[in-house]
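Summary of the model geometry
Listed below, chain by chain, are the residues.
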Amino acid sequence: MSTHNHTEEHHTGLRVYVAVCLALFVLTVVTVYIAKFDFGDFNIVVAMFIASIKASIVALYFMHLKFEDKLTWIYALYPLFLLFLLIGFTLMETFTRVPVIK
Amino acid sequence: MANGAVTQTQHIPYLAQKGLKSWILTTDHKRIGILYLITISFFFMIAGLTALGMRYELMTPELDFFRTATEYNVAFTIHGSLMVFFFIVPGIAASFGNFLIPLMIGARDVAFPRINLLSFWIYLVGTAILLFALAQPADTGWTFYTPYSIQTGTKVIMITLGVFVLGFSSILTGMNFIVTIHKLRAPGMTWSRLPLFIWASYATAILQLLATPVVGITLLLLIAERAFDIGFFDPAKGGDPILFQNFFWFYSHPAVYIMVIPAFGIISEIIPVFARKPIFGYKAIAYSSFAIAIISFFVWLHHMFVSGISETAAAIFSFLTMLVAIPTAVKVFNWTATLYKGSIDFHSSMLYALSFIVLFTVGGLTGVYLGALAVDVHLHDTYFIVAHMHYVMIGGTVMGFFGALHFWYQKWFGKVFNELVAKAAWFLIFVGFNVTFFPQFFMGYQGMPRRYATYPEEYISYHALSTYGSWILGLGILIMTVNLLIPLWKKGRPESSNPYGSLSLEWQVPSPPPHENFDEIPTVTDWTYAYGKK
Ligand code: HEM
Ligand SMILES: [Cu+2]
């Protein structure tokens, strides 16, 4: 643990935190701004893409994931896999439905 | 001896301190374990009595015990939700997990003792909400399926809120156990020497940590739809009722393994001690818990085969469901192989462990029937399901739980129960259980649907038999409970701190163990299961 804290201090000074914070603000503005354009089906994709970047930098820097060991990464990433599993199979089921009443 | 290095000078047992404050503010994992044990037993009793009421109703085809069908529906909702969410899911994991994990790995406590207490308090808040909800209970069944749970006139929000709050307790406990097992193992307690209960608890903790949030969100969405009319599940508002089932079972299938994997762990501890043999296939048993924890996320649609899901999805999930039976069978075969040529002592806890193997096998195999798509179309929502789930949950988890109560009783409470009475109670429980639930396979197969208060004349003999069985089962549990309670008020201590000659660390400390378990953290030099090597 103590060696951990050491590297953490090394990498995340106040400047990094401020930079991440600014990035979050900028990305929020971007999200609002591009809401004006219509990408059709891709609206959700674009919005989610930006949101994912925001979530990632929060996890990496604010939550210190970047400086954690492999095990912590597994515990951080495995739920993402489960999320894809849940969404993926649920959509697969929905898309393969055959209308019973024609 | 594996862990003979344990030295003990201070002998003040953890139970010495008295007074309410010493309990509700305790951070001692053993005491927190007891707190869970008391609360889950309380809910087990209420839910069990409700079940006796339901069985009494079903003794005859007409509605005679409950006043309305809705009352019967309320009864099975209370029974199911209490048993599942308040007893069996937190059951072994939170009570025995708390008591055993630090002792078994040679630690003084869990990694975060205060969070551990917080988990218990959250659990209590959940139960308080639930008891409040019971004043006006819902009638949806424990699965809270939409659209009915949105439309029914009974109160759904309170009970789901209770379950939602409870989820946080599970998540925190799971997190705590994972960190404990990683960080606090005694020197020499390598992964390949760990007791199998620890492996099982770890696998369970993964499921608690990663699956529980899904049911939490699902119930929150349900509450949002009921309270604020937001259309998640109602097609008229752009939702999809099947979505609820997807979310619900994405949690609840892994949850059935939250219920049973800790019992697997218990069986793996009891069998080698009373067969006086090293456990057979240690690695296979250890890894199969993980295999189950992973595969169990891939099978949830088997609960929805006839919900109107696509045939493609149904076929894929029927196949995937078969996979989960493999690691489960691996365990059963290894336990059986451990028994082979063992010198078996039929201690009451061993009787429960042996019953587990038999009954869980019946439950698991009938699960495979249900996983077979074509068969399930016929059997879905019949008493066959009721029989299946009770064979795995009572025949499996509860047998493991009772076995654990008898096995670690001396260690946990520092008292001795009457072994003869314990055996008699076991006999009644074993017989009563089978008389209650075996006929349900037949009546389900013949078409008797679950969740009905009345039924056609032709099922009467099955139902009546099942009701008589429930009395035997109830009597057995009553005798067992009394037998385990009486010694608590009596004076006297066990003669030996390791009466069954176990090699596991928890048996090397006094009964009951001192506060903080070990004077000096022991150094482990051998495998936990090296029976008969010397
Ligand atoms: C060998 C492993 C198992 C398999 C293949 C299996 C398969 C199934 C299937 C396919 C169903 C759905 C049947 C239907 O509704 O039509 C089912 C229901 C159920 N199973 Fe299992 N099962 C297994 C083990 C377990 C275990 C270990 C538990 C719990 C400890 C469990 C608890 C339940 C419960 C509670 C239900 C009923 C849920 C409800 O209320 O609808 N099963 N099982
Ligand atoms: Cu399932």
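Before reading further, recall that the structure is shown in the block above.
Everything in this summary refers to the structure shown in the same document.

What counts, and at which threshold
Residue positions within a chain follow its written sequence, with the count starting from 1. The order in which chains are written sets their letters, starting at A; the order in which ligands are written sets their numbers, starting at 1. It should be noted that, the model being predicted, local features are given only for residues of pLDDT at least 70 and side-chain atom pairs only at 80 or more, the latter also being counted only at that level, while totals for whole chains, interfaces and linings use all residues. Remark: hydrogens and water are excluded; side-chain values derive from all non-hydrogen atoms of the structure. The secondary structure listing takes helices from DSSP runs of H or I that are at least 4 residues long and strands from runs of E that are at least 2 residues long, numbered from the N terminus. In this treatment the radius of gyration is a C-alpha quantity, and the globule benchmark scales as 2.2 Å times the residue count to the 0.38 power. We call a residue buried when its accessible area falls under 20% of the maximum for its residue type, exposed when it is over 50%, and partly exposed in between, using a 1.4 Å probe and counting protein chains only. Here, residues are in contact when the closest pair of their heavy atoms is within 4.5 Å. Areas reported as accessible are Shrake-Rupley estimates using a 1.4 Å probe. Residue values count occlusion only from the protein chains shown. His is not counted, nor are the chain ends; Lys and Arg add positive charge and Asp and Glu add negative charge. Working definition for charges: the position is that of NZ of Lys, CZ of Arg, CG of Asp or CD of Glu. For Na, K and Ca the donor cutoff is 3.2 Å, while for all other metals N, O and S atoms must lie within 2.8 Å; water is not among the atoms, so some sites may look incomplete. The nearness test applies per residue and asks whether one of its heavy atoms lies within 4 Å of the molecule or strand. Here a polar contact means two N or O atoms within 3.5 Å. Within protein one must be a hydrogen donor candidate and the other an acceptor candidate, and residues neighboring in sequence count only if both atoms are side-chain atoms. Put simply, a salt bridge is a Lys or Arg side-chain nitrogen that is within 4 Å of an Asp or Glu carboxyl oxygen. In this classification, Asp, Glu, Lys and Arg are treated as charged, Ala, Val, Leu, Ile, Met, Phe, Trp, Tyr, Cys and Pro as nonpolar, and every other residue, Gly included, as polar. In these notes, a set of buried Ala, Val, Leu, Ile, Met, Phe, Trp, Tyr and Cys residues joined through side-chain atoms within 4.5 Å is what counts as a nonpolar core.

Helices and strands together make up the secondary structure of chain B, namely 16 helices and zero strands. Taken over C-alpha atoms, the radius of gyration comes to 23 Å for chain B, in line with the 24 Å a tight globule of 534 residues would show. With respect to the three principal axes, the spread of C-alpha positions in chain B is 70 × 45 × 45 Å. Counting across all 534 residues of chain B, residues that qualify as buried make up 61%. Intrachain contacts of chain B at a sequence separation of at least 6 include 83% that bridge at least 24 residues. About 19,700 Å² of surface is accessible on chain B, with carbon and sulfur atoms providing 70% of the total. Positive and negative side-chain charges in chain B, numbering 29 and 25 respectively, have mean positions lying 14 Å apart.

Protein coordination of the iron atom of ligand 1 is limited to a single donor, H388(B) (NE2), which sits 2.1 Å from the metal. Within the secondary structure, H388(B) is located in helix α14 (residues 383-413).

Take the environment of I115(B) next. Residues and elements named next belong to chain B. With respect to the element layout, I115 can be found in helix α5 (residues 113-133). Since its relative accessible area comes to 25%, I115 is described here as partly exposed. What I115 contacts, discounting residues up to four positions off in sequence, is L172, M175 and N176.

The next subject is the site of ligand 1. Residues and elements named next belong to chain B. Near ligand 1 lie 23 residues; those nearest to it are W142, D376, H380, H388 and R450. Between ligand 1 and D376 there is a distance of 2.5 Å, counted from an oxygen atom to a side-chain nitrogen or oxygen. One of the side-chain nitrogen or oxygen atoms of R450 is found 2.8 Å away from an oxygen atom of ligand 1. Of all elements in the fold, only α9 (241-275), α11 (311-339), α12 (348-371) and α14 reach the threshold of two or more residues within the shell around ligand 1. Per-element tally for the shell around ligand 1: the top contributor is α12, with six residues.

Listed per partner, the contact involves 26 residues of chain B and 14 residues of chain A. At the boundary of chain B and chain A, one finds one salt bridge. Between D240(B) and R97(A) there is a salt bridge; the shortest N-O distance is 3.3 Å. Those elements that place two or more of their residues in the side of chain B that touches chain A are α7 (157-183), α8 (196-228), α9 and α11 of chain B. Within the side of chain B that touches chain A, the residues separate by chemical class into 20 nonpolar, five polar and one charged.

Residues and elements named next belong to chain B. The copper ion (ligand 2) binds to the protein through H253 (ND1), H302 (NE2) and H303 (NE2); the donor distances cover 1.9 to 2.0 Å. Of note, the donors binding the copper ion (ligand 2) are all from one chain and are spaced H-x48-H-H. The distance between the copper ion (ligand 2) and the iron atom of ligand 1 comes to 4.6 Å. With H253 in helix α9 and H303 in the loop between α10 (282-295) and α11, this residue pair connects regions lying 50 residues apart in the sequence. According to the relative accessible area criterion, H253 is buried, its value standing at 6%.

Residue and element names in this part refer to chain B. Of all hydrophobic cores here, the largest spans 173 residues; its most connected members are F96, W335, F402 and W408. Counting residues per element, this core draws most heavily on α9, which supplies 22 residues. Apart from residues lying up to four places away in sequence, W408 is in contact with F96, F99, L100, M104, I266, E269, E506 and W507. Core analysis: the next-biggest nonpolar cluster, separate from the first, contains 13 residues, A75, Y383, M443 and Y455 among them.

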